[in-house]
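# Chain and residue survey
Chain by chain, the residues run as shown.
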Amino acid sequence: MRIYLDNCCYNRPYDDQLQMRIHLDTEAKLHIQDMVKNNELELVTSYMLDYENAKNRFWHKRQAISEFMNENEAYYVSQDRNEEAIQIAEEIKKTGVKNADALHVACAILAKSNYFITTDDRLLKYRSEKVEIVTPGEFVRRVEEKKYE
């Protein structure tokens, strides 16, 4: 199963953990990371993730995220596919999704990801027939349910 974690997902463990929703998202995201490390999931990364992560003003966060992506990526959507991504993103943007978010979803679609995992409430409202958009917790719930089917 191929997954794409967006930038807000990677940064969730660095958010205020006193808020229950953030804490639960973080626990689910860390569980997903373990599944990636154990080769239970294929991680998709992209030039868009590299670009957004490079803008992180905190060096230690930027470094940790970059290392995880580089060490665990199974599929990388490179800048060479930017034109294709832009074409897909233009359709997505017509639904009100912002440009960078639309490009992330487009990269996930180009990589044939099964799931796009995000904590962005606005992005969670977007629906696609090409990739399922879910929170980290929803993703873990679905995976766990499949184990017991």
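Coordinates for the structure precede this section.
This text gives an overview of the structure that appears in the document.

Rules of the game
- Residues numbered from 1 in each chain as written.
- Predicted model: local features only at pLDDT ≥ 70, side-chain atom pairs only at ≥ 80, totals over all residues.
- Heavy atoms only, no water.
- Helix = DSSP H or I, 4+ residues; strand = E, 2+ residues; numbered from the N terminus.
- Expected span 1.5 Å × (residues − 1).
- Buried < 20%, exposed > 50% of the residue type's maximum accessible area, 1.4 Å probe, protein only.
- Pairing = 2+ DSSP bridges.
- Axes fitted to C-alpha atoms, helices over the stretch in contact; angles between N-to-C directions.
- Contact = heavy atoms within 4.5 Å.
- Polar contact = N/O pair within 3.5 Å; in protein donor to acceptor, adjacent residues only side chain to side chain.

Its 12 residues place the ends of helix H6 (residues 99–110) 16 Å apart at the C-alpha level, agreeing with the 16 Å of an ideal helix rising 1.5 Å per residue. Across the 12 residues of H6, 10 count as buried, placing the element largely inside the fold. Within H6, burial applies to Asp101, Ala102, Leu103, His104, Val105, Ala106, Cys107, Ala108, Ile109 and Leu110. Just past H6, the residue lysine 112 takes up positive phi, approximately 60°.

Within the chain, asparagine 39 stands out as a residue other than glycine whose phi angle is a positive 60°. Along the polypeptide, asparagine 39 turns up in the loop between helix H2 (20–37) and strand S2 (42–46). The class for asparagine 39 is exposed, based on a relative accessible area of 68%. In the Ramachandran plot, lysine 112 falls in the positive-phi region, its phi being about 60° despite a non-glycine side chain. With respect to the helices and strands, the residue lysine 112 is situated in the loop between H6 and strand S4 (115–117).

So, about the sheet that holds strand S1 (residues 2–5). What the five strands build is an open sheet, ordered S3-S2-S1-S4-S5; its pairing is parallel. Edge strands, defined here as strands with exactly one partner in the open sheet, are strand S3 (73–77) and strand S5 (132–134). In this sheet, adjacent strand axes meet at a mean angle of 30° when their direction is disregarded. Bridge count between S1 and S4: three bridges; the pairing is parallel.

This brings us to the environment of lysine 93. The residue lysine 93 is located in helix H5 (residues 82–93) in this model. Beyond its immediate chain neighbours, meaning those up to four positions away, lysine 93 contacts Lys98, Asn99 and Ala102. Within polar-contact distance, the side chain of lysine 93 engages the side chain of asparagine 99 at 3.3 Å.

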